[in-house]
Amino acid sequence: MAGKSPAERQALERQNAAIMAVFERAGFDQIAPDIIQPADIFLERSGEDIRARTFVFNDPAGQELCLRPDLTVPACRYHLSHAENSAAEAKYCYLGPAFRFPDEKLSPQEFNQAGLEWFGAVDISAEARILKLAISALEAAGATGLKVTLGDIGLFTALLNDIEMPDRWRRRLRHQFWRPQAFQNLLATFAAGHSQKRTSISPIIDEFKNGDATTTWLDQNNIALQGNRTLAEISSRLAEKFADRSQKPLDGMKRQTIENYLNIEGAATDVPLLLEAISTTQQYSVACASFAKRLEFFEDAGLNPRRFKFSANFGRELEYYTGFVFQIEANSAHGPVAIAGGGRYDELLSDLGAAQKVPAIGCAIHTERLAAVLA
Amino acid sequence: MKPLTLAIPSKGRLMESAQELFEKAGYKIERLGTDRGYRGALVGLDNVEVAFLSASEIAANLKDGKIDAGITGEDLLREAIAPDNQIADVALRLNFGPANVVVAVPECWLDVAVMADLDDVAEQFYQTHGRRLRVATKYLALTRRFFAEKGVTGYRIVESLGATEGAPAAGTAELIVDITTSGATLLANALKILDDGLILQSCAVLAVAQHHKTDPRIVQIVTSLSRIVV
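Residues numbered from 1 in each chain as written. Chains lettered and ligands numbered in written order. Predicted model: local features only at pLDDT ≥ 70, side-chain atom pairs only at ≥ 80, totals over all residues.

(A) Main features of the overall build of chain A. Assigned secondary structure in chain A consists of 16 helices and 12 strands. With respect to the three principal axes, the spread of C-alpha positions in chain A is 75 × 60 × 45 Å. Expressed as a percentage of its 375 residues, the buried residues of chain A come to 35%. Taking as baseline every contact in chain A between residues at least 6 positions apart, the subset at least 24 positions apart corresponds to 70%. (Helix = DSSP H or I, 4+ residues; strand = E, 2+ residues; numbered from the N terminus. Buried ≥ 20, exposed ≤ 12 C-beta atoms within 10 Å, placed from the backbone. Contact = placed C-beta atoms within 7 Å.)

Written out as structure tokens, the structure reads:
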């Protein structure tokens, strides 16, 4: 359908006015981040999967620009260019269009996103507050029967940090957390000891005794350096592969611990007991304690965490989040539809140029999907 | 009956091989008008119009439903039309124009053998250099599909419309996805194919729009061509 009719437009505006009223009443200042953004900033952070869905074009000078596929990064850029001190507390809300080439049902290529971003002084209680505001806003717009799913990437990171294994394994497991199949394969490889399968570079690893092997091999085979990776980068990965050969396999107990954790699923209030049964190591225990604390803050905020579902797997598709994550679904004629989501992303502002790490949480509502559910 | 439009490559080796194939099968391709005309007829089969187009236009026109059948490279067809899209498919593989679409990285990346290595390198490259690995290619869709299948993310495609194999040396990309027949060009540019980096074993194909698959004229063409193709 090419555009919205007067009735559709008015219904959407009414709905979104109700959402924004909740946000503004809570003390969030409404900003209007730029619609046209430098393409690099999105594409360097998201990789080719998002790029394939982003409207990218060139300005007359040849610089790559894009229509924003999401409002979080534009809100962060707004903050970095307006705030005197990027680490000081700031509370923003926004309502505006975002653009993506469609890839699934109920995803029009231009849609309006309403959201919150809270930077600076954001502790666990602020996480409860953001979730509460998202739910209140959806209810103010008329939504009922909302289903909330929670996840916490901080728990996984802590568990992994406590389990003894080479740092390079930890790094690779963390990296694959987002892809369940690849994660399982990697875990299986580590548990089996190094992969016995020979590849085309096995002869090079056979020769590898120290960092000089790289140079020797390149010289002997008359291979020039190209491709923008330094000799040191290549050598250090070869050294890792060499070290992997004599590395003790990941023992079965440790593998089981990781798998047991990832299988945890249930009502959020039942989860603390399940979490404690997994491990009692240091960083992990701290993360478990903050999970339990968060549930208390949910109650304080007037939420009912008994009705929230927790899933240790959840969050796998949302790569910039660093801790607490949530998703809210509503029932439609076609089954449950994700209408809002959010979480903690403590590394995005520093990644975008803030002088230091700035804690941040936020959420966004897909207003057209909400309207479709309410219609 | 509406005339059937069959597209034939308008230049190069593909054109010569296609014409030879049709002649062996007992058809003659006649160009209408001048020698350089873009329309023709298939002598020996009624009600078939021949359109002379470039191989990539043939793939694109099949997708848009502007032609009913055509001879093109499988690489171009798969690039234009996703596998789950039913709009057109290969009716017959023709044994000419063989070429592989492959992922190739600099030979000096001694630590990289498989796609899983590439994913690890992509992550580290971003941490160290603050930007994504760049893949130079003209096969945007094939690359995205294959990399996603292999679980490799965190890269960027740089569209390349010629001399792709030179991109790493020129510094405009770190690796490439390109077509190769003997591998000699890759070797000359100090690039190596990853162990599991074969995306597609391509050759020339006769592709047919879905709704013409059972058209008697198509059936006849396929039958007579398949006798020649061994």
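(B) Quick look at the overall build of chain B. The number of helices and strands found in chain B is 8 helices and 12 strands. In terms of overall dimensions, chain B has a C-alpha envelope of 65 × 35 × 30 Å along the principal axes. Split into buried and exposed, the 230 residues of chain B put 44% on the buried side. Considering only contacts within chain B whose residues lie at least 6 apart along the sequence, 67% involve residues at least 24 apart.

(C) The confidence of the model for chain A, seen in detail. Residues with a pLDDT of 70 or more make up 95% of chain A, whose mean pLDDT is 90. In the model of chain A, helix 3 (residues 48-51) of chain A stands out as the element of lowest mean pLDDT, 70, in contrast to strand 1 (residues 29-30) of chain A, which has the highest, 98. (pLDDT = per-residue confidence, 0-100.)

(D) The packing of helix 1 (residues 6-25) of chain A against helix 5 (residues 124-140) of chain A, seen in detail. Residues and elements named next belong to chain A. Across the interface, helix 1 lies against helix 5 with an axial gap of 8 Å and an inter-helix angle of 145°. Two packed elements cross with a definite hand, and for helix 1 against helix 5 that hand is right-handed. Between helix 1 and helix 5, the contacting residues are Ala18, Ile19, Ala21, Val22 and Phe23 on the first element and Leu133, Ser136, Ala137 and Ala140 on the second. Of the residues contributing to the contact of helix 1 with helix 5, the split by class is 8 nonpolar, 1 polar and no charged. (Axes fitted to C-alpha atoms, helices over the stretch in contact; angles between N-to-C directions. Left-handed = near helix turned anticlockwise from the far one by under 90°. Nonpolar A, V, L, I, M, F, W, Y, C, P; charged D, E, K, R; others polar.)

(E) View of the domain arrangement of chain A. The assigned domain composition of chain A is domain 1 (6-33 + 68-159 + 260-374) and domain 2 (194-246). Centre-to-centre, using C-alpha coordinates, domain 1 of chain A lies 43 Å away from domain 2 of chain A. (Domains from an automatic or database assignment.)

(F) Spatial organisation of the pairing of strand 5 (residues 90-99) of chain A. Residue and element names in this part refer to chain A. For strand 1 and strand 5, the ladder comprises 2 bridges, and the chain directions are parallel. Looking at strand 5, one finds that Asp29 is bridged to Tyr92. Alignment of strand 5 against strand 6 (residues 110-119), held across 10 bridges, turns out to be antiparallel. By the bridge assignment, Phe99 is partnered in strand 6 with Glu110. (Pairing = 2+ DSSP bridges.)

(G) A look at the domain arrangement of chain B. All names here are of chain B. Each assigned domain of chain B is listed here: domain 1 (4-98 + 203-228) and domain 2 (99-202). Taken together, the contact between domain 1 and domain 2 spans 9 residues of the former and 9 residues of the latter. Per element, the largest residue contribution to the side of domain 1 that touches domain 2 is 4 residues, and it comes from helix 3 (residues 74-80). Residue classes in the side of domain 1 that touches domain 2 are distributed as 3 nonpolar, 2 polar and 4 charged.

(H) Expanded view of the interface of chain A and chain B. Contacts between chain A and chain B engage 30 residues on the former and 32 residues on the latter. Of all elements in the fold, only helix 2 (39-46), helix 3, helix 7 (167-176), helix 10 (212-220) and helix 11 (231-246) of chain A reach the threshold of two or more residues within the side of chain A that touches chain B. With 5 residues, the top contributor of residues to the side of chain A that touches chain B is helix 11 of chain A.

(I) View of the sheet that holds strand 3 (residues 56-58) of chain A. Residues and elements named next belong to chain A. Here 3 strands make up an open sheet; going across it, the order is 2-4-3 and the pairing antiparallel. Two strands bound the open sheet, and with one partner strand each, they are strand 2 (36-38) and strand 3. For this sheet the average axis-to-axis angle between neighbouring strands, irrespective of direction, equals 40°. Here 3 bridges tie strand 2 to strand 4 (residues 64-67), and the two strands are oriented antiparallel to one another.

(J) Fine view of the pairing of strand 7 (residues 147-152) of chain A. Residues and elements named next belong to chain A. Bridge count for strand 7 against strand 10 (residues 324-332) is 6 bridges, and the pairing is antiparallel. Bridge assignment links Gly151 to a residue of strand 10, and that residue is Val325. Direction of pairing for strand 7 relative to strand 9 (residues 309-311): parallel, over a ladder of 2 bridges. Considered in strand 9, the bridge of Thr149 is made with Lys309.

(K) Representation of the environment of Gly65(B) in the model. All names here are of chain B. On the secondary structure map, Gly65 appears in the loop between helix 2 (55-63) and strand 5 (69-73). Look at Gly65 and you get exposed, because 12 C-beta atoms sit within 10 Å. Note: C-alpha distance between Gly65 and Gln210 (145 residues apart in sequence) is 9.8 Å.

(L) Representation of the sheet that holds strand 12 (residues 204-209) of chain B within the structure. Residues and elements named next belong to chain B. Overall, mixed pairing links the 7 strands, which are arranged 2-3-4-1-5-12-6 in an open sheet. Sheet topology places strand 2 (28-31) and strand 6 (88-93) at the edges, where each strand pairs with a single neighbour. Direction aside, neighbouring strands of the sheet carry axes that sit 35° apart on average. Pairing of strand 1 (residues 4-9) with strand 4 (residues 48-53) involves 6 bridges; the strand directions are parallel. Across the sheet, residue Leu6 finds its bridge partner in strand 4, namely Val50. Packed on one face of the sheet, helix 1 (residues 12-24) meets strand 1, strand 2, strand 5 and strand 12 and runs near 130° to strand 1. Of the strands in this sheet, strand 1, strand 4, strand 5, strand 6 and strand 12 are in contact with helix 2, which crosses strand 5 at around 135°.

(M) Broad picture of the environment of Leu45(B). Residue and element names in this part refer to chain B. Within the element layout of this structure, Leu45 appears in the loop between strand 3 (39-43) and strand 4. Residues Leu45 and Arg217, 172 residues apart in the sequence, show an inter-C-alpha distance of 7.6 Å. Ignoring sequence-local partners within four residues, the contact set of Leu45 consists of Tyr27, Arg217, Gln220 and Ile221.

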